[in-house]
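One letter stands for each residue in the lines below.
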Amino acid sequence: MAEIQAIAVLGAGTMGHGIAQVAAQAGYQAFLYDVSRDLAEKGVRKISENLKLGVDKGKVRPEERDAALARITPVDDLEAVSRCDLLIEAIPEDLSLKRSLFKKLSELCAPTAILASNTSSLSLTDIASAARGPERVVGMHFFNPVHLMKLLEIVRAYQTSDGTVQAVRGVGTRMGKQMIEVRDRPGFASTRLGVALGLQAVRMLEEGVATAEDIDRAMELGYGHPMGPLKLADLVGLDVRLAIAEYLYKELGSDAFRPPQLLKQMVRAGKLGRKTGEGFYKYPASGS
Ligand SMILES: NC(=O)c1ccc[n+]([C@@H]2O[C@H](COP(=O)([O-])OP(=O)(O)OC[C@H]3O[C@@H](n4cnc5c(N)ncnc54)[C@H](O)[C@@H]3O)[C@@H](O)[C@H]2O)c1
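Residues numbered from 1 in each chain as written. Predicted model: local features only at pLDDT ≥ 70, side-chain atom pairs only at ≥ 80, totals over all residues. Heavy atoms only, no water.

Attention now moves to the pattern of salt bridges. Inspection of the entire model under this criterion finds 18 salt bridges. For Arg37, the salt bridge is made with Glu41, and the minimal N-O distance between the two is 2.9 Å. You can see Arg37 and its partner Glu41 sitting in helix α2 (residues 37-56), four residues apart, about one turn around the helix. Under the relative-accessibility criterion, Arg37 is labelled partly exposed at 40%. Linking Lys275 and Asp239 is a salt bridge whose minimum nitrogen-to-oxygen distance equals 3.1 Å. On the criterion of sequence distance, the pair formed by Lys275 in the segment after α11 (261-268) and Asp239 in helix α10 (residues 238-252) is long-range, its members being 36 residues apart. (Salt bridge = Lys/Arg side-chain N within 4 Å of Asp/Glu carboxyl O. Helix = DSSP H or I, 4+ residues; strand = E, 2+ residues; numbered from the N terminus. Buried < 20%, exposed > 50% of the residue type's maximum accessible area, 1.4 Å probe, protein only.)

In C-alpha cells form, the structure reads like this:
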C-alpha cells in the first residue's frame, strides 16, 4: 500500500467537516467535497469555528490552527479528489446513494486508493460490492464530535484485505484515535448498543415515564454516561437515528429497533435535533 498523504472527505455535514478537521490536524492534505461549493465552504467555516474554540480554550496553538486550515481545500468537483490516497465517505445514511458514490469513486481513483465509509450501520459488504476493487473498501466509523471523541470503529467488510485494515489503522493512530475492529454485522458494535438504548428512551418519553431531562439524568447520574440518550439523539440528528433504526429493524428483526411513532413524527415535522434548532430540546440559533 502506498503511503497516505492526501485524504478526501465526501459530504461536508455534521461528520464530514469533523473528519476533514482531524485529517488536517494530523498533517494530511484534506479535501472536503460536497454537492455544492457553498456546502463545502460551510463545512470549512465550521472547522474554522471549532479550531477557534480550541485556541480560545488553550487546546490548539494558533500556528497549529493556521497550518490545519491551510491544508484544507473545499471542492464540489469529484475530479478534484481523484488523486487522493484515502477517501472517506460521510454522505447520508442511504445504501443506494453510498453504493452509487463508491462505484463512481472506484472508477475515478487509482486502484491503490482506499475507499472508506463512515456509515453508522449499513452493510460494508454491500457498499464494497458496488466498487471496483472491493478489497480496498473498509468502514471508518468516527463519532460525533469527531475532534473530541476518541473512538474509531474499524469495520471489516467480507471483501476487505488485511493491507487495507492496516493502512486505516495507521491513519487512525496519526489522528490520535483509539480503535476497535469489528466484523460487518448490522450496527456493528457501537451503533447496535447505542441505538437500542436511544430508542428505548424515546419510547419511555412517549409513554410519559418521565420528562426528557429526567430520562437523560437517569443515565448521566446513575450510569455515568457523559450525555443522556435523548440529548445524544439530538446531537446525532433524529433523521439519521430514524434511518438507522429502520435499517436495523429490517436486518435484525428485533422489536428493540422498531422505530417509535414519536421519532417518526418529529422527523416528519422537521424537528431533527441540534441541526434544526429543535429536537427533544430547543437550541439557540448558531448563526450558521
Ligand atoms: N451524525 C452523527 O452523529 C453520526 C455519527 C457517526 C456516523 N454518522 C454517519 O455519517 C454519515 C453522514 O452523517 P451526517 O450526520 O454527517 O449527515 P449530514 O446530513 O449532516 O451531512 C451529509 C452531507 O452529505 C452531503 N451529500 C448528500 N449527497 C451527497 C453526495 N452524493 N456526494 C457528496 N455529498 C453529499 C449533504 O449535502 C450533507 O452536507 C451517515 O452515514 C451517518 O450514519 C453520523
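Here the narrative resumes.
This next bit is on α10. For α10, spanning 15 residues, the distance from its first C-alpha to its last is 20 Å, which sits close to the expected 21 Å at 1.5 Å a residue. Turning to α10, its buried residues number three or more, namely Leu238, Arg241, Leu242, Ile244, Ala245, Tyr247 and Leu248. Following α10 by one or two positions, Gly253 adopts a phi angle in the positive range, close to 65°. (Expected span 1.5 Å × (residues − 1).)

Another point: the domain arrangement of the protein. It is common to give the size of an interface as the accessible area lost on bringing the parts into contact. Per the domain assignment, the segments of the protein are domain 1 (6-183) and domain 2 (191-276). Here domain 1 and domain 2 have C-alpha centroids that lie 26 Å from each other. Contacts between the two partners involve eight residues from domain 1 and, on the opposite side, seven residues from domain 2. Summed over both sides, the interface between domain 1 and domain 2 buries roughly 690 Å², with carbon and sulfur atoms accounting for 58% of that surface. Run the count over domain 1 and domain 2 and you get zero salt bridges. At the junction of domain 1 and domain 2, the tally comes to three residue pairs in polar contact (both at pLDDT 80 or more). Class assignment for the residues of the side of domain 1 that touches domain 2 results in two nonpolar, five polar and one charged. (Domains from an automatic or database assignment. Contact = heavy atoms within 4.5 Å. Buried area = accessible area lost by both parts, 1.4 Å probe. Polar contact = N/O pair within 3.5 Å; in protein donor to acceptor, adjacent residues only side chain to side chain. Nonpolar A, V, L, I, M, F, W, Y, C, P; charged D, E, K, R; others polar.)

Around the ligand, a shell composed of 22 residues is seen, among which Met15, Asp34, Glu93, Lys98 and Ser120 lie nearest. Backbone polar atom of Met15 to an oxygen atom of the ligand: 2.8 Å apart, as the coordinates give it. A distance of 2.6 Å separates an oxygen atom of the ligand from a polar side-chain atom of Asp34. Relative to its unbound accessible area of 840 Å², the ligand is 85% covered by the protein chains. The class makeup of the residues in the shell around the ligand is eleven nonpolar, eight polar and three charged. (Near = heavy atom within 4 Å. Areas by Shrake-Rupley, 256 points an atom, 1.4 Å probe, with all protein chains shown as cover.)

Turning to the packing of helix α7 (residues 190-207) against α11, a few remarks are in order. α11 packs onto α7 with a crossing angle of 90° between their chain directions and a minimal axis gap of 8 Å. Judged by the angle between their axes, α7 and α11 are roughly perpendicular. Contact with α7, carried on its side by Leu199, Val202, Leu205 and Glu206, involves Gln261, Leu262 and Leu263 of α11 and no other residues of that element. Taken together, the residues of the contact of α7 with α11 break down into five nonpolar, one polar and one charged. (Axes fitted to C-alpha atoms, helices over the stretch in contact; angles between N-to-C directions. Parallel < 35°, antiparallel > 145°, perpendicular 65-115°, else oblique.)

So, about the sheet that holds strand β8 (residues 178-183). Judged by pairing direction, the sheet is mixed, and its eight strands sit side by side in the order β3-β2-β1-β4-β5-β6-β7-β8 without closing on themselves. Looking at the sheet topology across the chains shown, the edges are occupied by β3 (72-75) and β8. With strand direction ignored, the average angle separating the axes of adjacent strands in the sheet is 25°. Across four bridges, strand β1 (residues 6-10) lies against strand β4 (residues 86-89) in parallel orientation. Each bridged residue has a counterpart across the sheet, and for Ile7 the counterpart in β4 is Leu86. Its contacts with the sheet put α2 on β2 (29-33) and β3, and the angle it makes with β3 is roughly 155°. (Pairing = 2+ DSSP bridges.)

Leu10, Val81, Leu87, Leu105, Leu230 and Phe280 are the most contacted members of the largest nonpolar core, which has 46 residues in total. Residue-level mapping places this core at the junction of two domains, with at least three residues from each of domain 1 (6-183) and domain 2 (191-276). Those residues within four positions of Val81 in sequence are excluded, and the remaining contacts are Ala8, Leu10, Phe31, Tyr33, Val75, Leu87, Leu105 and Cys109. Core analysis: the second largest hydrophobic core is formed by 38 residues, Val22, Val138, Val146 and Ala167 among them. (Core = buried A, V, L, I, M, F, W, Y, C linked by side-chain atoms within 4.5 Å.)

Turning next to the pairing of strand β6 (residues 137-141). Consecutive side chains of a regular strand alternate in pointing toward one face of the sheet and then the other. The element β6 is largely enclosed, with a buried count of five among its five residues. Residue alternation in β6 divides its side chains into two sets, Val137, Gly139 and His141 and Val138 and Met140, and both sets are buried. Inspection of the sheet shows strand β5 (residues 114-117) paired to β6 by three bridges, in the parallel sense. Opposite Ala116, over in β6, you have Val138 as the bridge partner. As paired elements, β6 and strand β7 (residues 151-156) share three bridges and run antiparallel to each other. Bridged to Gly139 within β7 is Val155.

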